[in-house]
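The chain contents come next:
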Amino acid sequence: MTAQKEQGSLRRVNASVDEVARSLVGRFQTNRGVRRMLVLVVVAFALFAALRPGVYLSTLNLQNIAVAAPEIGVLAIAQMLAMLTGGIDLSIVAVANLTAITISTLYTAAGSRGDALGPVFILIGLVVALVGGLVNGLLVSRVGITPILATLATMQIFNGLAVVWTGGRTLYGAPRVLTGVGNATVGGIPVLFIALLLVAAGIGILINRTALGHKIQLQGANPTAAAYSGISSRRTLLGTYVMTGLLGGIAGMLFIARNPTASADYGASYTLLVIVIAVLGGTNPNGGFATVTGVVLAALTLQIVSSGFNAMRWSPYQYAVAQGLILIVVMVSDQVHLRRRRRGTPPALPVGPATPPTPV
Amino acid sequence: MSESEAPVLEVSDIVKTFGGVRALAGVSLSLKPGTVHCLAGENGCGKSTLIKIISGVERPDSGRIVVAGTEHDRMTPSGAMDAGIQVIYQDFSLFGNLTAAENIVLTGEVAAHRALYSRRRARPAAERIVRELGIKLDLEEDVERLSVADKQLTAICRALVHDARILIMDEPTTALTRTEVQRLFAVVRQLTERGVALLFVSHKLDEVLQVAQTVTILRNGSHVLTAPAAELDGASIGRYMTGHDIDESRQVVRLPADASAVLEVRDLTLPGAYRDVSFTLHRGEILGLTGLLGSGRSEIAESLFGVLPARSGTITVDGQDCTIRSIDDAVAAGIGYVPEDRLTQGLFMDASIADNIIASSLDAYRRRPSRLLDRRRIAETITSLFGRLRIKAPNVSSPVRSLSGGNAQRVVLAKWLATKPKVLILNGPTVGVDVGSKSEILQILRQEAADGRGVLIVSDDVPELVAVCHRVLVIRQGQVVQELEGDGVDLETIQRTMAA
């Protein structure tokens, strides 16, 4: 009798342990944002491959996608992290440029020893990014300024510094460590793309497997309950913005690795683009929910569409329209899903005329 | 107001299923003008679903809704309002940054498609309602600065501006003190004289019986009985609601004489809230802290947890002097706090039960040297608490939003028990929790105390304090006015001292 009971409780413990493990590991399979982006990636790719197979499926084009996506992807991951706490970081592109400019300036100044000192310059560039992140973090967590305003101000400051520093000119030159990486491939896959995957894996681990990551999610899910749970918003937010700064620095390295130039106005359109990507990837702009996988897939989707437009020789303005449309379609599908769920009916069985009409 | 008068609202044979789960299995209800009807039942019995159906938020699978003789086969929220049905939810749905007068009038202005809001028109309309009900309400104050009771009055006034014929109130008394409840009931009597039909949704039995003429009880989505309130008492309603007898008797284990102090508070003072508060909490003891709303009881609890640090005085936890200036300090000292406002302060509603349980103890599960979380140990902790507190949910990854009040409260409790606190402070531990769950939660507290924790319960639910507390401190105007111990802890004495 007791043995049976014990067995039963053991089975129950096992089942629950499995359950927890599945919920922690397997979030990605069950997540809508991820599934949706996976579909979008495949559809976009198939569409352009069918329209222009000769150009689109060439190794050159594929590698171009894989080389262009990482810098946007890393910036979007940084944005996702800030949005996970319910905040936003408008200054990441400015931080990235500041890092690129720092590295390029030091390299040029060092003259013939520039390549040997490359790693040191990279480190200094990353320190600049960390300081930028730290300033954001202090403004948000200690002073208590709303993230959108704090980072808007620092974005202006960092941009301004960059322009004053470079005199508005484009700097040329980067350590061979970086340019070498920028051109290298491993088994046909550009190293830059591998760098994106590494960053994504690192942030995935941070979010799901560290105390800080869990605190970041809880802080975004309900700041009041987080405070009442003994989670220090100061430390969590400071950690978050230092991390977004660091990711900005890494993006700056990717800028200069791909193309050995640095200027204050590089990637001017990225600031808003990475917000779009983060949201497309399933990040809740109110905080508390995001997946790295979704964001990486969203970055890839936009890059695939962008290069597709290139291959079709459609204009960048048409691409801008497409970007906006993709965002709207995804948001509409979110709303439809939400309303169905609120009405308590399974999404597979729409209920007659009450289903909101899809805007045409 | 005669018995034969036609019902103003009649719902019959309402069936509603959610994804295969039957929430309501053929429930009927009829409401007469000028009467108070109470809808009682444990959380999850279908009360809220029934209200949502009456107010047009949910559509029933089958059944009839007849309002004042007109059948509504497709009730919508605006249709319900036009038919004179108003619902006052627990959160009152008020705009905190607007004044009471604006709150009372504004939704009506919007409904009337007025493009411009006129302050001149608003004020008299609000004043008229307040005067008619004979209540005191500061119409010019921002609603967020009003007391809970005044917020409720604001919501009632707003409903009346809409010419409500049927007023449904969801748990109207849970957040009120005894005096405020009496004041509410006076207003309720005013309303019935105006011919308004009231439907109270509640599980606070004793209060309900004071004011209701008819009681309908639901259990697991089924209609159990409808009877005149005069034929029922607290015990019988409890039995109908749960299907078994509820034990609310005093069960207190004697403390060993040499039980050491786990929390010592000396001369704690926070000007404007309380002063010179001193007491000792022993290992294994359950100490009650009671008083009316505004007596300072909640503030004392919040000071001990660092939310509202005290100005002067000393706090000693387990023999160690502590300076508690923030929540971090309190948690580091080994204090856990189950807050009064579970939904906003206690829980991450969209996160899973597992994530909620582990929220306060994350740092304890960091592995060295990688600093990654030890997921196996986390799973063990979560599973053991999930089982020990008997949280009713399909599994630990269910979102907390899907839980009933009692189960949600167990999750908050589990979150703190996971930190293995020396002192556990609970502010209103069973607010919004149904009777069956309530006695189980109290039993959990007895168990935790027996395991050597100090438990401090801050509450104005006197029967609950009598049921579990070794000692009770009564707070009045920010000071401890009486300490009751052993057999001295009884309902009458506490209530008398609180209100004196």
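What counts and how
Numbers given to residues run from 1 along each chain, matching the order in which its sequence is written. Chains and ligands are labelled by the order in which they are written, letters from A for the one and numbers from 1 for the other. Two thresholds apply to this predicted model, a pLDDT of at least 70 for residue-level local features and 80 or more for giving and counting side-chain atom pairs, whereas whole-chain, interface and lining totals are computed over all residues. For the side-chain quantities, the full set of heavy atoms in the structure was used; hydrogens and water were omitted. Working definition: helices are DSSP H or I runs of at least four residues, strands are E runs of at least two. Numbering for both runs from the N terminus. Relative accessibility thresholds used throughout: buried, under 20% of the residue-type maximum; exposed, over 50%; partly exposed, between the two (1.4 Å probe, protein chains only). Any two residues whose heavy atoms approach within 4.5 Å at even a single point are treated as in contact. Charged-residue counts in this description rest on Lys and Arg as positive and Asp and Glu as negative, His and the chain ends being excluded. Lys charges are placed at NZ, Arg charges at CZ, Asp charges at CG and Glu charges at CD. In this description, strands pair whenever DSSP reports at least two bridges between them. Structural elements are reduced to axes, namely lines fitted to C-alpha atoms, with helices fitted over the stretch in contact, and the angle between N-to-C directions of any two is expressed from 0 to 180 degrees. Among buried residues, the Ala, Val, Leu, Ile, Met, Phe, Trp, Tyr and Cys ones that are joined through side-chain atoms within 4.5 Å form a nonpolar core. An automatic or database domain assignment is the source of the domain bounds shown. When two components associate, each loses some accessible surface as probed by a 1.4 Å sphere; the sum of these losses over both components is called the buried area. Salt bridge, as used here, is a side-chain nitrogen of Lys or Arg placed within 4 Å of a carboxyl oxygen of Asp or Glu. Here a polar contact is taken to be a pair of N or O atoms separated by no more than 3.5 Å, where protein atoms must pair a possible hydrogen donor with a possible acceptor and residues adjacent in sequence count only if both atoms sit in side chains. Note on residue categories: nonpolar means Ala, Val, Leu, Ile, Met, Phe, Trp, Tyr, Cys or Pro, charged means Asp, Glu, Lys or Arg, and polar means any other residue, Gly included. Using a 1 Å grid laid over the protein atoms alone, points where a 1.4 Å probe fits but cannot get out form a cavity; open sets with protein on both sides within 12 Å along at least 5 of 7 lines form a pocket; any residue with an atom within 4 Å of a point counts as lining. Grid points are joined across faces, edges and corners, and a volume is the space filled by probe spheres set on the points. Like charges within 9 Å and nonpolar side chains (Val, Leu, Ile, Met, Phe, Trp, Tyr) within 5 Å are joined into patches, using only residues over 30% in relative accessible area that form no salt bridge. Shrake-Rupley sampling with a 1.4 Å probe provides the accessible areas, and residues are treated as covered by the protein chains on show and by no other component.

### Notes on the overall build of chain B
Part 1 of the argument: Each helix and strand counted, chain B has 17 helices and 20 strands in total.
Part 2 of the argument: The buried share of chain B, taken over its 500 residues, is 54%.
Part 3 of the argument: Across chain B, the fraction of contacts at a sequence separation of at least 24, relative to all contacts at a separation of at least 6, is 67%.
Part 4 of the argument: For chain B, the distance from the average position of its 57 positive side-chain charges to the average position of its 63 negative side-chain charges is 4 Å.

### Overview of the sheet that holds strand S11 (residues 261-270) of chain B
Hydrogen bonds between backbone groups are what pair the strands of a sheet, and the pairing can be parallel or antiparallel.
All names here are of chain B.
Part 1 of the argument: Ordered by their spatial adjacency, four strands build an open sheet running S12-S11-S14-S15, and the pairing between neighbours is antiparallel. In this open sheet, the two strands that pair with only one neighbour each are strand S12 (274-282) and strand S15 (320-322). Adjacent strand axes in the sheet meet at a mean angle of 20°, parallel and antiparallel pairs treated alike.
Part 2 of the argument: Pairing geometry for S11 and strand S14 (residues 312-317), over five bridges, is antiparallel. Residue pairing in the sheet places Val 265 in a bridge with Ile 315 of S14.

### Some details on the nonpolar core
Part 1 of the argument: Leu 263, Phe 279, Leu 304, Ile 353, Ile 357, Leu 413 and Ile 425 of chain B are the most contacted members of the largest nonpolar core, which totals 91 residues.
Part 2 of the argument: Top contributing element to this core by residue count: helix H14 (residues 405-417) of chain B, with seven residues.
Part 3 of the argument: Those residues in contact with Leu 263 of chain B, other than ones at most four positions away along the chain, are Phe 279, Thr 280, Leu 281, Leu 304, Ile 315, Thr 316, Val 317 and Val 423 of chain B.
Part 4 of the argument: Among the nonpolar cores identified, the runner-up in size contains 88 residues, and Val 95, Ile 216, Ile 256 and Val 276 of chain A belong to it.

### Quick word on the domain arrangement of chain B
Residue and element names in this part refer to chain B.
Part 1 of the argument: Once the domains are mapped, chain B shows domain 1 (9-242) and domain 2 (261-499).
Part 2 of the argument: The interface of domain 1 with domain 2 comprises 11 residues on the first partner and 13 residues on the second.
Part 3 of the argument: Buried area between domain 1 and domain 2, both sides added, is near 1000 Å², and the carbon and sulfur share of it is 60%.
Part 4 of the argument: Viewed at the interface, domain 2 and domain 1 are joined by zero salt bridges.
Part 5 of the argument: The tally of links between domain 1 and domain 2 comes to zero residue pairs in polar contact (both at pLDDT 80 or more).
Part 6 of the argument: Elements represented by at least two residues in the side of domain 1 that touches domain 2 include exactly helix H6 (178-193) and helix H8 (234-242).
Part 7 of the argument: For the side of domain 1 that touches domain 2, the element with the most residues is H6, which contributes three residues.
Part 8 of the argument: Across the side of domain 1 that touches domain 2, the residue classes break down as two nonpolar, six polar and three charged.

### Quick notes on the interface of chain A and chain B
Part 1 of the argument: Taken together, the 31 residues of chain A in the interface contact 37 residues of chain B.
Part 2 of the argument: Summed over both sides, the interface between chain A and chain B buries roughly 2900 Å², with carbon and sulfur atoms accounting for 60% of that surface.
Part 3 of the argument: Summed over the shared surface of chain A and chain B, the number is two salt bridges.
Part 4 of the argument: Here Arg 235 of chain A makes a salt bridge to Asp 328 of chain B, at a shortest N to O gap of 3.0 Å.
Part 5 of the argument: Linking chain A to chain B there are 10 residue pairs in polar contact (both at pLDDT 80 or more).

### Topic: empty space enclosed by the protein
If a probe as big as a water molecule is rolled over the atoms, it shows which places are left empty.
Residues and elements named next belong to chain B.
Part 1 of the argument: The tally for this structure, following the rule as stated, stands at two cavities of 30 Å³ or more.
Part 2 of the argument: Estimates place the volume of the second largest cavity at around 40 Å³.
Part 3 of the argument: For the lining of the second largest cavity, the secondary structure elements donating two or more residues are helix H5 (148-161) and H6.
Part 4 of the argument: Its residues assigned to classes, the lining of the second largest cavity shows four nonpolar, one polar and two charged.

### Re the pattern of salt bridges
Part 1 of the argument: Considering all chains together, one arrives at 29 salt bridges over all chains under this definition.
Part 2 of the argument: Close ionic contact of Lys 215 of chain A with Asp 363 of chain B constitutes a salt bridge, the shortest N to O distance being 2.9 Å. On the criterion of chain membership, the pair formed by Lys 215 of chain A in helix H11 (residues 211-221) and Asp 363 of chain B in the loop between helix H12 (353-358) and helix H13 (375-388) is interchain, its members lying in two chains.
Part 3 of the argument: Its relative accessible area of 15% is what places Lys 215 of chain A among the buried residues.
Part 4 of the argument: Using a relative accessible area of 37% as the deciding quantity, one classes Asp 363 of chain B as partly exposed.
Part 5 of the argument: For Arg 64 of chain B, the salt bridge identified is with Glu 71 of chain B, shortest N-O distance 2.7 Å.
Part 6 of the argument: On the basis of relative accessible area, Arg 64 of chain B is assigned to the partly exposed category, the value being 41%.
Part 7 of the argument: Taken together, the salt bridges that share partners define one network made up of Lys 215 of chain A together with Asp 363 and Arg 366 of chain B.

### Remarks on the sheet that holds strand S13 (residues 286-290) of chain B
Residue and element names in this part refer to chain B.
Part 1 of the argument: One open sheet accounts for six strands, arranged S16-S17-S18-S13-S19-S20; its pairing is mixed. Two strands close off the open sheet at either side, each with one partner strand: strand S16 (335-338) and strand S20 (479-485). Neighbour-to-neighbour, the strand axes of the sheet open up by a mean angle of 20°, direction not taken into account.
Part 2 of the argument: Contacting S13, S16, strand S17 (423-427), strand S18 (454-458) and strand S19 (471-476), helix H9 (residues 297-304) crosses the sheet at an angle of about 145° to S18.

### Considerations on unusual backbone geometry
Residue and element names in this part refer to chain B.
Part 1 of the argument: Residue Pro 369 is reached from Arg 368 by a cis peptide bond, and omega for that bond is -5°.
Part 2 of the argument: Counting through the fold element by element, Pro 369 comes out in the loop between H12 and H13.
Part 3 of the argument: In the Ramachandran plot, Asp 13 falls in the positive-phi region, its phi being about 50° despite a non-glycine side chain.
Part 4 of the argument: Examined against the element boundaries, Asp 13 turns out to sit in strand S1 (residues 9-18).
Part 5 of the argument: In this structure, Asp 267 is a non-glycine residue whose phi angle is positive, near 50°.
Part 6 of the argument: Structurally, the position occupied by Asp 267 is in strand S11.
Part 7 of the argument: Given a relative accessible area of 43%, Asp 267 falls into the partly exposed group.

### Quick look at a nonpolar patch on the surface
Residues and elements named next belong to chain A.
Part 1 of the argument: Residues Val 143, Ile 145, Ile 148, Leu 149 and Leu 152 make up a contiguous nonpolar surface patch of roughly 420 Å² in combined accessible area.
Part 2 of the argument: Position of Ile 148 relative to the elements: it lies in helix H8 (residues 147-166).
Part 3 of the argument: Given the relative accessible area of 43%, Ile 148 is considered partly exposed.

### A few points about H8 of chain B
Residues and elements named next belong to chain B.
Part 1 of the argument: Looking only at H8, the buried set comprises Ser 236, Ile 237, Gly 238, Met 241 and Thr 242.
Part 2 of the argument: For H8, the elements touching its buried residues are strand S3 (36-40), helix H7 (205-211), strand S9 (214-219) and helix H15 (435-450).
Part 3 of the argument: The opening residue of H8, the one whose side-chain oxygen lies 2.8 Å from the backbone nitrogen of Ser 236, is Asp 233.
Part 4 of the argument: Remark: Gly 243 follows H8 within two positions and exhibits a positive phi of approximately 85°.

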